[in-house]
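Coordinate analysis (summary)
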Amino acid sequence: MILIDIAVLTLLVATAFSITRIGDLWAAIMFTGIYSFLGASWMLLLDAPDVAFTEAAVGAGISTVLMLGTLALIGKPEKRTIKLPVVPLLVVVVTGSALFYGTLDMPLFDSPDAPIHMHPDPGYAEITERDIHGVPNFVTALLASYRGYDTLGETTVIFTAGIGVLLILRKPSENDDDEIENEESIS
Amino acid sequence: MNSFPIIRVVTKLVIPYILLFALYVQFHGYFGPGGGFQAGVIFASALILYALVFGLPSAHRVAPPKVMEKLVAVGVMIYAGTGFLAMFLGRTKADGKWEGNFLDYNTLDHHFFPDILPHGQHLGIFLVELGVGITVTAVMTIIFYAFAGREQVK
């Protein structure tokens with residue numbers, strides 16, 4: 001098992017390096033798709049199949065397609081900058097070291113004392129059976145019932161994001177054009 | 001990609017299974033991994049695959065943009081509506097007092113074939129996940145439509 005972990009993580013790092021080094025944007029997008037699939041495999045190894053589904057469908061599927069669609073609009077070659085990117089490098093190094101420093105305080109992987117296993121009360125797994133009949137998967141029960149407000153908020157965020165993208169990107173159709181012209185003539 | 005027969009045939013073969021898997025993830029989410037968001041994304045990816053292979057106009061015939069735009073709001077409405085339904089049904093439980101809470105599905109209990117049809121918490125979670133699934137499918141599809149419908153800026 002540890003061999004698979006190491007292999008997947010090595011491939012993740014190798015893919016990430018390829019994305020940064022490659023000049024061809026089309027290839028870079030394909031590599032981000034590969035990266036997402038590897039991320040999905042990694043989530044599966046961490047026993048999180050829900051997240052793996054989402055990563056495979058959103059990361060590797062839809063966002064790759066959206067980036068390819070963007071690429072079709074903006075053209076293929078990356079614009080090379082000649083000057084040495086000092087400021088971005090600094091930002092990356094500082095942020096990276098801060099994240100590494102943060103991981104030092106995290107509980108060890110698989111540790112039974114990790115906060116995520118202690119809070120909320122582990123009894124959720126038990127009270128789900130009493131409170132919610134017919135829903136054995138207590139992840140679903142937690143998300144949709146105990147934390148229904150949270151999930152409603154998340155759905156509203158997705159709704160807002162969709163409306164936002166629509167308002168910015170939608171191509172005005174013929175009918176809308178007429179309306180705009182009318183409005184302009186009125187004002 | 002209309003001219004590649006292999007891609008066309010394979011896509012036609014694969015899409016039903018993707019849709020079926022999305023429905024499985026949606027309605028089997030109580031027993032296994034999955035739920036509304038995952039199901040919505042998988043469903044939308046099937047629609048996007050169809051649009052990629054058979055062109056945007058055919059995809060617009062299958063899932064008209066106007067309908068998808070409305071479904072974005074319908075999903076959120078189903079979710080919030082379930083919450084309000086649970087709240088208002090709470091009144092019948094105790095004599096005239098408002099006992100129901102927003103999104104507290106215990107009041108959705110009914111005695112109409114309770115062994116077959118979901119009721120109570122199960123029904124609430126079913127409806128809520130359905131709302132999430134509809135919104136996510138519609139949002140993902142209209143974002144794709146918005147990107148794919150644009151032309152290159154000269």
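Overview of the structure.

Focus: the overall build of chain B
On a plain count of helices and strands, chain B comes out with 5 helices and 0 strands. Written out in order from the N terminus, the α and β elements of chain B read α-α-α-α-α. A buried classification covers 44% of the 154 residues belonging to chain B. Partitioning the contacts of chain B with sequence separation of at least 6, the portion at a separation of at least 24 is 54%. Summing over all exposed atoms, chain B offers an accessible surface of approximately 8200 Å²; the carbon and sulfur share of this is 70%.

Describing the nonpolar core
In this structure, Ile 62 of chain A together with Leu 103, Ile 125, Phe 144 and Tyr 145 of chain B are the most contacted members of the largest nonpolar core, which totals 43 residues. Those elements that provide at least two residues to this core are helix H3 (49-74), helix H7 (138-146) and helix H8 (148-169) of chain A together with helix H1 (5-27), helix H2 (36-54), helix H3 (56-62), helix H4 (65-89) and helix H5 (121-148) of chain B. Per element, the largest residue contribution to this core is 12 residues, and it comes from H5 of chain B. Here Ile 125 of chain B is in contact with Ile 132, Val 135, Thr 140, Ala 141, Ala 144 and Ser 145 of chain A together with Tyr 30 and Tyr 105 of chain B, once residues within four sequence places are set aside.

Quick look at the side chain of Ser 36 of chain A
With respect to the element layout, Ser 36 of chain A can be found in helix H2 (residues 25-45). Apart from residues no more than four positions distant in its own chain, Ser 36 of chain A is found in contact with Glu 55, Gly 59 and Ala 60 of chain A.

Describing the packing of H7 of chain A against H5 of chain B
Running from N to C, H7 of chain A and H5 of chain B cross one another at 80°; their axes reach a closest spacing of 9 Å. When the axis of H7 of chain A is compared with that of H5 of chain B, the two are roughly perpendicular. Facing H7 of chain A, whose interface residues are Thr 140, Ala 141, Ala 144 and Ser 145 of chain A, H5 of chain B presents Gln 121, Ile 125, Val 128 and Glu 129 of chain B. Class assignment for the residues of the contact of H7 of chain A with H5 of chain B results in 4 nonpolar, 3 polar and 1 charged.

A short note on H2 of chain B
Structural remark: α-helix, 3.6 residues per turn; residues separated by three or four positions point the same way. Between the first and last C-alpha of H2 of chain B there are 27 Å, a value that for 19 residues agrees with the 27 Å anticipated at 1.5 Å per step. One or two positions beyond H2 of chain B, positive phi appears at Gly 55 of chain B, with a value near 95°.

Focus: a nonpolar patch on the surface
Residues Ile 6, Val 9, Val 10, Leu 13 and Val 14 of chain B make up a contiguous nonpolar surface patch of about 460 Å² in total accessible area. With respect to the element layout, Val 9 of chain B can be found in helix H1.

Quick word on the interface of chain B and chain A
Across the contact, 47 residues belong to chain B and 41 residues belong to chain A. Between chain B and chain A, roughly 3800 Å² of surface is buried when both sides are summed, and carbon and sulfur atoms account for 73% of that area. When the buried surface of chain B facing chain A is broken down by residue, Tyr 79, Phe 147 and Arg 150 of chain B rank first, second and third, together holding 15% of it. Where chain B touches chain A, the interface holds 0 salt bridges. Broken down by secondary-structure element, the contributors of at least two residues to the side of chain B that touches chain A are H1, H2, H4 and H5 of chain B. At 15 residues, the largest contribution of residues to the side of chain B that touches chain A is made by H5 of chain B. Counted by class, the side of chain B that touches chain A contains 31 nonpolar, 11 polar and 5 charged residues.

Focus on the packing of aromatic side chains
Tallied over the entire structure, the rule returns 8 aromatic pairs over all chains. Aromatic side chains Phe 84 of chain B and Phe 88 of chain B sit 6.2 Å apart centroid to centroid with 15° between the ring planes, which places their arrangement in the stacked category. Residue Phe 84 of chain B and its partner Phe 88 of chain B are both found in helix H4; the two are separated by 4 residues, about one turn of the helix. Their ring planes at 50° and their centres at 6.4 Å tell us that Phe 144 of chain B and Tyr 145 of chain B sit as a pair that is tilted. Taken together, Tyr 149 of chain A together with Phe 84, Phe 88 and Phe 102 of chain B form an aromatic cluster joined through their ring pairs.

Observations regarding the side chain of Glu 129 of chain B
Along the polypeptide, Glu 129 of chain B turns up in helix H5. There is no salt bridge for the buried Glu 129 of chain B, and the closest opposite charge comes from Arg 147 of chain A, which lies 13 Å off by N-O distance. Looking at Glu 129 of chain B, its side chain comes within polar contact range of the main-chain nitrogen of Gly 36 of chain B, at 2.5 Å. Look past the residues within four positions of Glu 129 of chain B in its chain and what remains in contact with it is Thr 140 and Ala 144 of chain A together with Gln 26, Gly 35 and Gly 36 of chain B.

Conventions adopted
Residues numbered from 1 in each chain as written. Chains lettered and ligands numbered in written order. Predicted model: local features only at pLDDT ≥ 70, side-chain atom pairs only at ≥ 80, totals over all residues. Heavy atoms only, no water. Helix = DSSP H or I, 4+ residues; strand = E, 2+ residues; numbered from the N terminus. Buried < 20%, exposed > 50% of the residue type's maximum accessible area, 1.4 Å probe, protein only. Contact = heavy atoms within 4.5 Å. Areas by Shrake-Rupley, 256 points an atom, 1.4 Å probe, with all protein chains shown as cover. Core = buried A, V, L, I, M, F, W, Y, C linked by side-chain atoms within 4.5 Å. Axes fitted to C-alpha atoms, helices over the stretch in contact; angles between N-to-C directions. Parallel < 35°, antiparallel > 145°, perpendicular 65-115°, else oblique. Nonpolar A, V, L, I, M, F, W, Y, C, P; charged D, E, K, R; others polar. Expected span 1.5 Å × (residues − 1). Patch = residues over 30% accessible without salt bridge, like charges linked within 9 Å, V, L, I, M, F, W, Y side chains within 5 Å. Salt bridge = Lys/Arg side-chain N within 4 Å of Asp/Glu carboxyl O. Buried area = accessible area lost by both parts, 1.4 Å probe. Phe/Tyr/Trp six-rings, centres within 6.5 Å; stacked < 30°, edge-to-face > 60°. Lys, Arg positive; Asp, Glu negative; His and termini not counted. Polar contact = N/O pair within 3.5 Å; in protein donor to acceptor, adjacent residues only side chain to side chain.

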